[in-house]
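# Residue-level structure breakdown
Each chain, letter by letter, is given below.
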Amino acid sequence: MAQNLAELCIVLIENSLGELSAQIFATLAEHGRLTVHTLAEHAKIPLRRVRTGLTNLMEEQLVLHFAAEEGAPTFYSVNWRNAYNLARHTNIAELVNDRHGEHAADMVGNILQLGHARVGDLADAYDLQPASKRDSGIDTTADHMTEEGLVNGIAKTSSAKASHDMSTSEFHSTLRALLRSGVLVKVGTRAYMPPSDLQEQIEEAVIIDQFPDRKVTGPKKQSEFKLAINVLKRKWREDDAYSDLHDVGSRGAIKRPGDHFKTENKRIKVNGGHANGVLHDGEQSTTKLSDDLVVRVDFSRCTMAMRSRRLEQHAKRYLGGVTAAVYGALLQTLEGKVRAVHDDLAPDNSDDEESTLPCSTISEVAEILDPTIDLGASIKGLPGDKTLTNGTNGKKRHDEFGDFGIKRELSDSEDEPTTNGYTGYRDRAKRLSAIEAHLALLEEHARHFCKRTRAHGSNEWRVDFPALNATLIEAELDATILARYGKLALRVVRLLRERGKLEEKQVASCAMMRIKDVRAILTELQFHGILEAQELPKDNARQPSRTLYLWFFDTFRVQHLFLQQTYKGMARTMQRIPVERERYRTVIEKAERTDVKGREQEKLEQPEKQALREWREAEERLLAQVDRMDQMVALLRDFSGKDTSLTT
Amino acid sequence: MATLTKLSGPGDALYTELCKAAQNSIEGLRKVFFQSDIEQLATDTARDKKELLPLVQELVNHSLLRLSKLDRALCWSTRPRDAATAISRLNADEKLVYSYVEDAHQKGIWLRELKKRTNINPNAVTKAMNKLENAHLIKSVKNIRAPAQKTYMLYHLVPSDDVTGGSFFDAGDLDESLIDELSNLIIFHVRMQSWADTKTKRIKRETTPPPLTAADDPDTAGGKKRKRGPTTDIEDSAATTRKYRLSAYDTDDPTIEIITQLALPAYSRAYPSAEAIHSFITTTDAIRASKAAQLTVAEIQNVVDVLVWDDKLEKIGDGYRTVRGIKFRPPGFLGDEEAEDGDKVEGNGLTQVPCGRCPVFELCGEGGPVNAGSCVYWGRWLKEGA
Ligand code: SF4
């Protein structure tokens, strides 16, 4: 397996779990599936320590374990994706912060550290009153490891809780918002199995159930079999999915099925009324989640959000911030509708890509778009109407879509009653048409950021993610090439990408450059693996002088190359951190002494404080750079959802 | 060579007929006639092949027709009368040399190649060439593909763009200043038609407003806090440019002018196409008229393509728009403005760390000759903040 990735994962694990776990992971990475005993042997670590290390790794789901049957030896193997995902924590917290605010980011940060968390334990960590003592009897069978793991985890989180005073209702509503937005998901029992074993189990179940003769060969049977497997897979997944209805704690406010969940607490607060008339312990009523619900962060969903953000940034480069913000809102409305990026169950026979892409209406976009943005400011001829910004939509929006990550301050400050009637209607129409103008601009652009469905006049819009993903990848490769080899090299690369295979003379004339300059660039880029040349001998003698070289740029290859380089760059950056720490060790150690800690101001000398600051800055810069490289990895590897390099 | 008898009447008629046909065809003098073509044209002058053949032979003898082979079939092409007269006076060597040069058409032929192919004494070739050149039958031109080699072609031919390299070559060398001038002009022209500007005066604040790249740059904050205060919104919303200032004392002016680049509503207009740009370029006075007249639409398209690859123009529909934030040099401005050219490379996560540009990247690793600990680049990076 990719050595660069392995190295990176080991560094990441060492950084978060320490050397022992890293060593065990490294051994597993090298040898594949092992039992505890063979593992101890290979790693040359005493068995007891191996068990401790494995436990730590399993808590974070960095290692999968599975026994073929009851009583059979348990095998352990690494989980590449989760291991790599350690590098994505900051980016996810960042994203959640943007969309759901600080509290949410904090909670997600904690859940990320724990791997997964029981709601009850999480509530304890935030020092909230236990929401429900009674067992709700919901089938969230937590893995036995969980409890144990949480003990450690909570120790970590509890230090942070002092700074956040969150009410129980806030806690639960944030959690619910996160669950609904898909950032968090419910954890079922099957999450701990390696996918291949899961596949086997599903196949077995299908065979027993539907093919008692165990004959699944032949084209017809095969396709039936496949279909049945997908159906079951989906069912299992749905069983495991969070539902507003089923995962509610029994003493929480009861939601009737017909009750639209979106009319949640914000409204209640403003009006001082009681939702459904249920009130508990003098607190605002919020539907409480079952304490036994186990949640984790859905990385693929977060990756999708990262993709949206990246696309928004890309649009901003070409069309400016306002248009990009509109685009960002469109993308966010679509996120809920796109199946998870990593959905392998999507029907394969989708010749008609077009129709499988989800779409959103302009009003949906309007509902989550930041109302303070002056939509008229960046397009000529649009009214830059201030009244629009104070219009009604913002207000309505919050009531309906409070869970989509609108900044809290906004909704709180809007105390004015909803303007009704004519003006409200007119403002809304204006706002919608302004949004439409921005969307049209996005559509018109050569990158076709979005598309109106059907013909002109429809108010539904869709985004061709596969095509835009290719655009993003090209842009990322271009940025890398530009920064490394300069703009003339980029010109050559782009022309070769567009024109296909060309001879050096043709390159020179297309690029309007001197042939000797072109030759220098071509050779440099070839040396670095960016360009390739195909030899075309003019005769059978195959003399170099009688050979034509056709140059070309292979996007896929370069994408892979840069991905590997990014892994390596991340590993080197992470490895530099302890090196820097070593340089400042004396100061750091002094600052961490119990008698100094918390009183750094008085106990440390001026130069020491200076050094400490330098160290913090250095570490922060290094980590920030890792985050940015992770964003690159996400783009190069994960956005398409088609990557298979991490499947175990 | 023996003096030729005067051209016979039917021969002359046939020649005139062929010339007319050649002139009417798009190939002009390069038009070749196969036997069947001539038979068709010659229905007036010769009734059958038997009569035709001597006529054709006569014209060939008079050098008015040139015999060559195409796909193993014989074919003929016409020569101008005066050239034919001149050729008639040549000796065998010279005729041979001439025919090779003639075959090379607008592409021309290298002297060396000529010597090799004719298979006659190189000195004789040189002599023959001199004579032909003096007789204005052939000329030497500079070939951009092989500047050191002498290339010859018939005197009356205009060298093909393959040979001269087109308008952007000046005596065989790439005319970079012309390309640069033209690029700037195109950007200017397209920019004026593709974005609207608004100017707002505002009082200069203590802190200078962030330069374009920082305000605009999607990645500056690396996706860190994206605070979007309503006040910074306008600045953030579109490319803002501080007005170009020429006089130094302007800096005392407490107000600065901010130019905001506004998009034009989508689908509201046709952005300039290569043809439109071409017609602007050829009618403007900014480019020397003789140069401008030469420029073809294809050449303009080439410049435009390069500008697209350089991320200066973007294609919208069938036309082009400047990429947001792209500026042009004010016409007549001569200073060096490369720095402001939007050339500041910002890179990405990988290229910002030293490893992304490291010369020993492949060698570096734990336990290797270099590693993250022994690395000198990190130290520099951390110190310099870049
Ligand atoms: S750590 Fe230093 S030597 Fe190693 S790749 Fe990075 S920059 Fe190069």
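Anything mentioned here points back to the structure above.
The paragraphs below set out a description of the structure included in this document. As the structure is a computational prediction, the values presented were derived from the model and not from experiment. (Residues numbered from 1 in each chain as written. Chains lettered and ligands numbered in written order. Predicted model: local features only at pLDDT ≥ 70, side-chain atom pairs only at ≥ 80, totals over all residues. Heavy atoms only, no water.)

## Here we look at the overall build of chain B
- Looking only at helices and strands, one finds 16 helices and 13 strands in chain B.
- For chain B, contacts bridging at least 24 residues in sequence account for 59% of all contacts bridging at least 6. (Helix = DSSP H or I, 4+ residues; strand = E, 2+ residues; numbered from the N terminus. Contact = heavy atoms within 4.5 Å.)

## Structural notes on the overall build of chain A
- Along chain A, the regular secondary structure elements total 29 helices and 11 strands.
- Restricting to contacts in chain A with at least 6 residues of sequence separation, those with at least 24 account for 71%.
- Summed over all atoms, the accessible surface of chain A reaches about 30,100 Å², with 50% contributed by carbon and sulfur. (Areas by Shrake-Rupley, 256 points an atom, 1.4 Å probe, with all protein chains shown as cover.)

## What about the site of the ligand?
- Residues in contact with the ligand, as listed here, are Arg572(A), Pro354(B), Cys355(B), Cys358(B), Val360(B), Phe361(B), Cys364(B), Ala372(B), Cys375(B), Tyr377(B) and Trp378(B).
- Residues within reach of the ligand are spread across chains A and B.
- Grouping the amino acids of the shell around the ligand by side-chain chemistry returns 10 nonpolar, no polar and 1 charged. (Near = heavy atom within 4 Å. Nonpolar A, V, L, I, M, F, W, Y, C, P; charged D, E, K, R; others polar.)

## Focus: the pattern of salt bridges
All names here are of chain A.
- The final tally for this structure, using the stated rule, is 25 salt bridges over all chains.
- Close ionic contact of Arg494 with Asp478 constitutes a salt bridge, the shortest N to O distance being 3.7 Å. With a gap of 16 residues between them, Arg494 in helix H23 (residues 487–499) and Asp478 in helix H22 (residues 465–485) connect regions that are remote in the sequence. Of the two residues, Arg494 and Asp478, both sit in the buried class.
- The partner of Arg497 in a salt bridge is Asp478, and the shortest N-O contact between them spans 2.9 Å. Of the two residues, Arg497 sits in helix H23 while Asp478 sits in helix H22, which places them 19 residues apart along the sequence.
- Classification of Asp478 as buried rests on a relative accessible area of 8%.
- What emerges from the salt-bridge pattern is a single network uniting Arg81, Arg88, Asp630, Arg637 and Asp638. (Salt bridge = Lys/Arg side-chain N within 4 Å of Asp/Glu carboxyl O. Buried < 20%, exposed > 50% of the residue type's maximum accessible area, 1.4 Å probe, protein only.)

## Examining the pairing of strand S5 (residues 294–297) of chain A
Residues and elements named next belong to chain A.
- Pairing analysis gives 3 bridges linking strand S3 (residues 116–118) to S5, with the strands arranged antiparallel. Across the sheet, Arg118 pairs through a bridge with Val294, a residue of S5.
- The pairing of strand S4 (residues 184–186) with S5 spans 3 bridges and is classified as antiparallel. Bridge pairing in S5 links Val185 to Arg296. (Pairing = 2+ DSSP bridges.)

## Description of helix H14 (residues 297–309) of chain B
- With 13 residues, H14(B) should cover 18 Å at 1.5 Å per step; its first-to-last C-alpha distance of 18 Å lies within 8% of that length.
- Regarding H14(B), the residues found buried are Glu299(B), Ile300(B), Asn302(B), Val303(B), Val304(B), Asp305(B), Val306(B), Leu307(B) and Trp309(B). (Expected span 1.5 Å × (residues − 1).)

## Remarks on helix H6 (residues 111–118) of chain B
All names here are of chain B.
- What H6 keeps buried is the set Leu111, Leu114 and Thr118. Considered in projection along H6, the buried side chains sweep an arc of 55 degrees and stay on one side of the axis. Exposed residues lying more than 90 degrees from the buried face of H6 are Arg112 and Lys116.
- Of the surrounding elements, those touching the buried residues of H6 are helix H5 (92–104), strand S4 (109–110), helix H7 (122–134) and strand S6 (150–154).
- Of the residues trailing H6, Asn119 is marked for its positive phi of about 65 degrees. (Arc of directions from axis to C-beta.)

## Observations concerning the packing of aromatic side chains
- Overall, the coordinates contain 5 aromatic pairs over all chains when judged by the stated rule.
- Pairing Phe25(A) with Trp80(A) gives two aromatic rings, centres 5.9 Å apart and planes at 90 degrees, and the pair type is edge-to-face. Of the two residues, Phe25(A) is situated in helix H2 (residues 19–31) and Trp80(A) in helix H5 (residues 80–85); the sequence distance between them amounts to 55 residues. Judged on exposure class, the residue Phe25(A) and its partner Trp80(A) are both buried.
- Arranged with centres 6.3 Å apart and planes meeting at 40 degrees, the rings of Tyr584(A) and Trp615(A) form a pair that is tilted. Residue Tyr584(A) is found in the loop between helix H26 (555–583) and helix H27 (585–592), and its partner Trp615(A) is found in helix H29 (residues 606–638); the two are separated by 31 residues along the sequence. Across the pair, exposure class does not vary: Tyr584(A) and Trp615(A) are buried alike.
- The ring centre of Trp381(B) lies 4.0 Å from the NZ or CZ of Arg621(A), which sits over that ring.
- Sitting above the plane of the Tyr84(A) ring, Arg637(A) keeps its charged end 4.2 Å from the centroid. (Phe/Tyr/Trp six-rings, centres within 6.5 Å; stacked < 30°, edge-to-face > 60°. Lys NZ or Arg CZ within 6 Å of the ring centre and 35° of its normal.)

## A closer look at the environment of Ser36(B)
- Considering the arrangement of structural elements, one finds Ser36(B) in helix H2 (residues 35–41).
- Take Ser36(B): its relative accessible area is 46%, and that puts it in the partly exposed class.

## Thoughts on the sheet that holds S3(A)
Residues and elements named next belong to chain A.
- Strand order across the open sheet formed by 3 strands is S3-S5-S4, with antiparallel pairing between neighbours. The outermost strands of the open sheet, each flanked by one partner alone, are S3 and S4. The average undirected angle you get between the axes of adjacent strands in this sheet is 30 degrees.
- Sitting on the sheet, helix H7 (residues 102–114) touches S3, S4 and S5, and the angle it makes with S5 is about 95 degrees. (Axes fitted to C-alpha atoms, helices over the stretch in contact; angles between N-to-C directions.)

## Observations concerning the nonpolar core
- If you look at the biggest cluster of nonpolar residues, it comprises 160 residues, and the most contacted ones within it are Tyr327(A) and Ile186(B).
- In terms of residue count, H29(A) provides more of this core than any other element does, 12 residues in total.
- With near-sequence residues (within four places) excluded, Tyr327(A) lies in contact with Leu311(A), Glu312(A), Ala315(A), Leu442(A), Phe449(A), Cys450(A), Val463(A) and Leu468(A).
- Membership of the second largest hydrophobic core comes to 26 residues, among which are Met107(A), Leu112(A), Leu178(A) and Cys302(A). (Core = buried A, V, L, I, M, F, W, Y, C linked by side-chain atoms within 4.5 Å.)

## A short note on the interface of chain B and chain A
- With 72 residues of chain B at the contact, the number on the chain A side is 71 residues.
- Overall, the association of chain B and chain A removes approximately 6,500 Å² of surface from exposure, summing both partners, and the carbon and sulfur fraction of that is 52%.
- Inspection of the chain B/chain A interface yields 4 salt bridges.
- Taken together, the connections running from chain B to chain A amount to 20 residue pairs in polar contact (both at pLDDT 80 or more).
- Ranked by residues supplied to the side of chain B that touches chain A, first place goes to H14(B) with 6 residues.
- For the side of chain B that touches chain A, the class distribution of residues is 32 nonpolar, 14 polar and 26 charged. (Buried area = accessible area lost by both parts, 1.4 Å probe. Polar contact = N/O pair within 3.5 Å; in protein donor to acceptor, adjacent residues only side chain to side chain.)

## Overview of the packing of helix H14 (residues 299–319) of chain A against H29(A)
All names here are of chain A.
- Two elements in contact, H14 and H29, have axes separated by 10 Å at closest approach and are oriented at 100 degrees. In terms of their interaxial angle, H14 and H29 are classed as roughly perpendicular. Residues Thr303, Met306, Arg309 and Arg310 of H14 touch H29, and the partners they reach there are Asp630, Gln631, Ala634, Leu635 and Asp638.
- Along the lines of polarity and charge, the residues of the contact of H14 with H29 split into 3 nonpolar, 2 polar and 4 charged. (Parallel < 35°, antiparallel > 145°, perpendicular 65-115°, else oblique.)

## Observations concerning the sheet that holds S4(B)
Residues and elements named next belong to chain B.
- As summarised here, the arrangement of the 3 strands in space is S4-S6-S5, forming an open sheet in which the pairing is antiparallel. One side of each edge strand has no neighbouring strand; the edge strands of this open sheet are S4 and strand S5 (138–142).
- Pairing of S4 with S6, which is carried by 2 bridges, proceeds in the antiparallel orientation. Residue pairing in the sheet places Ile109 in a bridge with Tyr152 of S6.
- The sheet strands contacting H5 are S4, S5 and S6, and the helix crosses S6 at an angle near 90 degrees.
- Of the strands in this sheet, S5 and S6 touch H7, which is tilted by about 100 degrees from S5.

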